[in-house]
Amino acid sequence: VVEAAEHLAEIRRCARHCSRSSPVESIARYIASATQQQPTPYSDQRTLVVEGEAGSGKTAAVSKAVLDAVAMVPSGKQLSAAIIVRMIGERRVVEASSLIHSIKKQLQELLSHNRKALSFDDSLAHHIFVASTERAIVLVIDGLDALDDVQWLPAVLSLPAAVRIVLTARPPLA
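In this report, we go over the structure that sits alongside the text. (Residues numbered from 1 in each chain as written. Predicted model: local features only at pLDDT ≥ 70, side-chain atom pairs only at ≥ 80, totals over all residues. Heavy atoms only, no water.)

**Some words on the overall build of the protein chain**
Part 1 of the reasoning: Within the protein chain, the secondary structure is distributed over six helices and four strands.
Part 2 of the reasoning: When the elements of the protein chain are put in sequence order from the N terminus, they spell out α-α-β-α-β-α-α-β-α-β.
Part 3 of the reasoning: Sorting the 174 residues of the protein chain into buried and exposed places 44% on the buried side.
Part 4 of the reasoning: Total accessible area on the protein chain is roughly 9,300 Å²; 53% of this is exposed by carbon and sulfur atoms. (Helix = DSSP H or I, 4+ residues; strand = E, 2+ residues; numbered from the N terminus. Buried < 20%, exposed > 50% of the residue type's maximum accessible area, 1.4 Å probe, protein only. Areas by Shrake-Rupley, 256 points an atom, 1.4 Å probe, with all protein chains shown as cover.)

**Remarks on the pattern of salt bridges**
Part 1 of the reasoning: The final tally for this structure, using the stated rule, is one salt bridge.
Part 2 of the reasoning: The partner of Lys 64 in a salt bridge is Asp 68, with the nearest N and O atoms 3.0 Å apart. Taken together, the residues Lys 64 and Asp 68, both in helix α3 (residues 58–71) and four residues apart, mark about one turn of the helix. This pair shows no difference in class: Lys 64 is buried, exactly as Asp 68 is. (Salt bridge = Lys/Arg side-chain N within 4 Å of Asp/Glu carboxyl O.)

**Points about helix α5 (residues 124–132)**
Part 1 of the reasoning: A large share of α5 lies buried, amounting to seven of its nine residues.
Part 2 of the reasoning: Taken together, the buried positions of α5 are Leu 124, Ala 125, His 127, Ile 128, Val 130, Ala 131 and Ser 132.
Part 3 of the reasoning: Buried residues belonging to α5 abut α4 (96–110), β3 (136–142), α6 (153–157) and β4 (163–169). (Contact = heavy atoms within 4.5 Å.)

**Brief notes about the environment of Val 66**
Part 1 of the reasoning: Looking at where Val 66 falls in the secondary structure, it is placed in helix α3.
Part 2 of the reasoning: Overall, Val 66 belongs to the buried group, its relative accessible area being 4%.
Part 3 of the reasoning: In sequence terms Val 66 and Ile 31 are 35 residues apart; their C-alpha atoms lie 7.1 Å from each other.

**Things to note about empty space enclosed by the protein**
Part 1 of the reasoning: For the structure shown, the criterion picks out one cavity of 30 Å³ or more.
Part 2 of the reasoning: When its volume is computed, the largest cavity comes out at roughly 40 Å³.
Part 3 of the reasoning: Taken together, the residues of the lining of the largest cavity break down into six nonpolar, no polar and two charged. (1 Å grid on protein atoms, 1.4 Å probe; cavity = no way out; pocket = protein on both sides within 12 Å on 5 of 7 lines; lining within 4 Å. Points joined across faces, edges and corners; volume = space filled by probe spheres on them. Nonpolar A, V, L, I, M, F, W, Y, C, P; charged D, E, K, R; others polar.)

**A short note on the nonpolar core**
Buried together is how nonpolar side chains tend to be arranged in soluble globular proteins.
Part 1 of the reasoning: Core analysis: the biggest nonpolar cluster contains 30 residues, and Ile 128, Ile 141, Trp 152 and Val 156 have the highest contact counts within it.
Part 2 of the reasoning: Residue assignment for this core shows that the elements contributing at least two residues are β2 (81–87), α4, α5, β3, α6 and β4.
Part 3 of the reasoning: Among residues more than four places away in sequence, those in contact with Ile 141 are Arg 86, Ile 88, Leu 99, Ile 103, Trp 152, Val 166, Leu 167 and Thr 168.
Part 4 of the reasoning: Core analysis: the second largest hydrophobic core is formed by 22 residues, Val 24, Ala 32, Ala 34 and Ala 61 among them. (Core = buried A, V, L, I, M, F, W, Y, C linked by side-chain atoms within 4.5 Å.)

**Some thoughts on the pairing of β2**
Remark: a regular strand shows side chains that alternate across the two faces of the sheet.
Part 1 of the reasoning: The element β2 is extensively covered by neighbouring structure, given that seven of its seven residues are classed as buried.
Part 2 of the reasoning: The side-chain alternation of β2 yields two buried faces, one formed by Ala 81, Ile 83, Val 85 and Met 87 and the other by Ala 82, Ile 84 and Arg 86.
Part 3 of the reasoning: Sheet analysis places β2 next to β3, joined by seven bridges and oriented parallel. Among the inter-strand pairings, Met 87 is bridged to a residue of β3, identified as Asp 142. (Pairing = 2+ DSSP bridges.)

**Side note on the packing of α4 against α5**
Part 1 of the reasoning: In the contact formed by α4 and α5, the axes pass within 10 Å of each other and the chain directions differ by 20°. The angle between α4 and α5 places the two elements in the roughly parallel class. The interaxial crossing formed by α4 with α5 has left-handed handedness. Along its contact with α4, which presents Ile 100, Ile 103, Lys 104, Leu 107 and Gln 108, the element α5 presents Leu 124, His 127, Ile 128 and Ala 131.
Part 2 of the reasoning: Residue composition of the contact of α4 with α5, by class: six nonpolar, two polar and one charged. (Axes fitted to C-alpha atoms, helices over the stretch in contact; angles between N-to-C directions. Parallel < 35°, antiparallel > 145°, perpendicular 65-115°, else oblique. Left-handed = near helix turned anticlockwise from the far one by under 90°.)

**Regarding the sheet that holds β4**
Part 1 of the reasoning: Pairing is parallel across the open sheet formed by four strands, whose spatial order is β1-β4-β3-β2. The strands lining the two open edges of the sheet, one partner per strand, are β1 (47–51) and β2. The mean inter-strand angle of the sheet, taken between neighbouring strand axes irrespective of direction, is 10°.
Part 2 of the reasoning: When β3 meets β4, the two strands line up parallel, connected through six bridges. Following the sheet pairing, Asp 142 is matched in β4 by Thr 168.
Part 3 of the reasoning: Contacts from α4 reach β2 and β3, with the element oriented near 155° to β2.
Part 4 of the reasoning: Where α5 meets the sheet, it contacts β3 and β4, and its direction lies at approximately 145° from that of β3.

This is the structure:
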């Protein structure tokens, strides 16, 4: 929970460096679409990749979009999607295993009914799948290119409609 709070604070800090723009609004609508029961233009799109050079505003745009998506929830209503954010940012190389472990931990904390159905030995994709049976999941990973391994990613990208994934990376995304 402490790590999740640190990433949320980073989102808030980065969002201050971005004004409302068409790309930010599109990303926010994509994130918000995870919480809607009716079909949207994004219903069949599970992954959104924001690619750009260092300093191009990827982190600021996605940060602002996350906050804008949360703000789209009508007053008095609760956010129906769990938004999990990991800001890798400018770090040199980050171990994917640490990132995966922290996301699994947060997913287990979010679960109310199926918590016992998961083990830390289960894959990240399985954790997300189980969690998505209780509520929509939005996974935001900023700085994908800084991970030492992305072999786990294809399994995560083929998840059900209740899951949205936003990734940022510098080109080329390999």
